[in-house]
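Here is how the chains run, residue by residue.
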Amino acid sequence: QVQLVESGGGLMQAGASLRLSCAASGRTFSTIAMGWFRQAPGKEREVVAAISRHGRSQYYVKSVLGRATISKDNTKNTMYLQMNSLKPEDTAAYYCAAGLSSKDTDLLIATHQYDYWGQGTQVTVSS
């Protein structure tokens, strides 16, 4: 069992930066691949970024490429999402997720690939 707790959301102005954190417990952090997803009202949950269990491989959805950085500190059992140049279309509930991958290089980008989810943190970007 893995417990995930997100933090760092809030109300931001367009162009601002934010850092989301996801603290994990319950399993050795270096054995799990992780990701950030978001879901806007009326839309499906989509992947924002994913990171392999060792942290050396990353994936970004096209809409955040160049603006976001996902990272994973296996000594602190915490994953981060740094997002810069925020846009109103980034407004959504953001969720972190953990998947029990078998390979160090696995990048999990689909919701069904994840086993555990956080409760979500709201990010609202005003224009």
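Above this note sits the structure.
A quick note: this is a predicted structure, and the numbers were derived from the prediction, not measured. Residues take numbers from 1 onward in each chain, read along the sequence in its written order. Where local features are concerned, this predicted model is filtered to residues with pLDDT of at least 70; where side-chain atom pairs are given and counted, the filter is 80 or more; whole-chain, interface and lining totals use all residues. Hydrogens and water molecules were not included; the side-chain quantities draw on all heavy atoms of the structure.

1. Some points on the overall build of the chain
Turning to step 1, where the next piece is worked out: Secondary structure follows DSSP: runs of H or I at least 4 residues long count as helices, runs of E at least 2 residues long count as strands, and numbering of each begins at the N terminus. Tallying secondary structure elements over the chain gives zero helices and eleven strands in all.
Turning to step 2, where the next piece is worked out: The linear arrangement of helices and strands in the chain, starting from the amino end, is β-β-β-β-β-β-β-β-β-β-β.
Turning to step 3, where the next piece is worked out: Counting only C-alpha atoms, the chain reaches 40 × 25 × 25 Å along its principal axes.
Turning to step 4, where the next piece is worked out: Here the chain holds 127 residues, and the buried ones make up 46% of them.
Turning to step 5, where the next piece is worked out: Look at the contacts in the chain between residues 6 or more apart in sequence, and 62% of them connect residues 24 or more apart. Burial here depends on accessible area, computed with a 1.4 Å probe over protein chains only, as a share of the maximum for the residue type. Under 20% is buried, over 50% is exposed, and the range in between is partly exposed. The contact rule is simple, with two residues in contact once any of their heavy atoms fall within 4.5 Å.

2. Side note on the pairing of strand β7 (residues 68-73)
Turning to step 1, where the next piece is worked out: Of the two faces of β7, only one is covered, namely that formed by Ala-68, Ile-70 and Lys-72; the face formed by Thr-69, Ser-71 and Asp-73 stays uncovered.
Turning to step 2, where the next piece is worked out: Whether two strands pair depends on DSSP finding at least two bridges between them. Between β7 and strand β8 (residues 78-83), which pair antiparallel and follow one another directly, the connecting turn spans four residues, one of which, Asn-77, has a positive phi of 55 degrees.

3. Description of the pattern of salt bridges
Turning to step 1, where the next piece is worked out: Basic side-chain nitrogens of Lys or Arg form a salt bridge, by our definition, when they fall within 4 Å of a carboxyl oxygen of Asp or Glu. Summed over all chains, the structure comprises four salt bridges.
Turning to step 2, where the next piece is worked out: What you see here is one network of salt bridges that share partners, running through Arg-38, Glu-46, Arg-67 and Asp-90.

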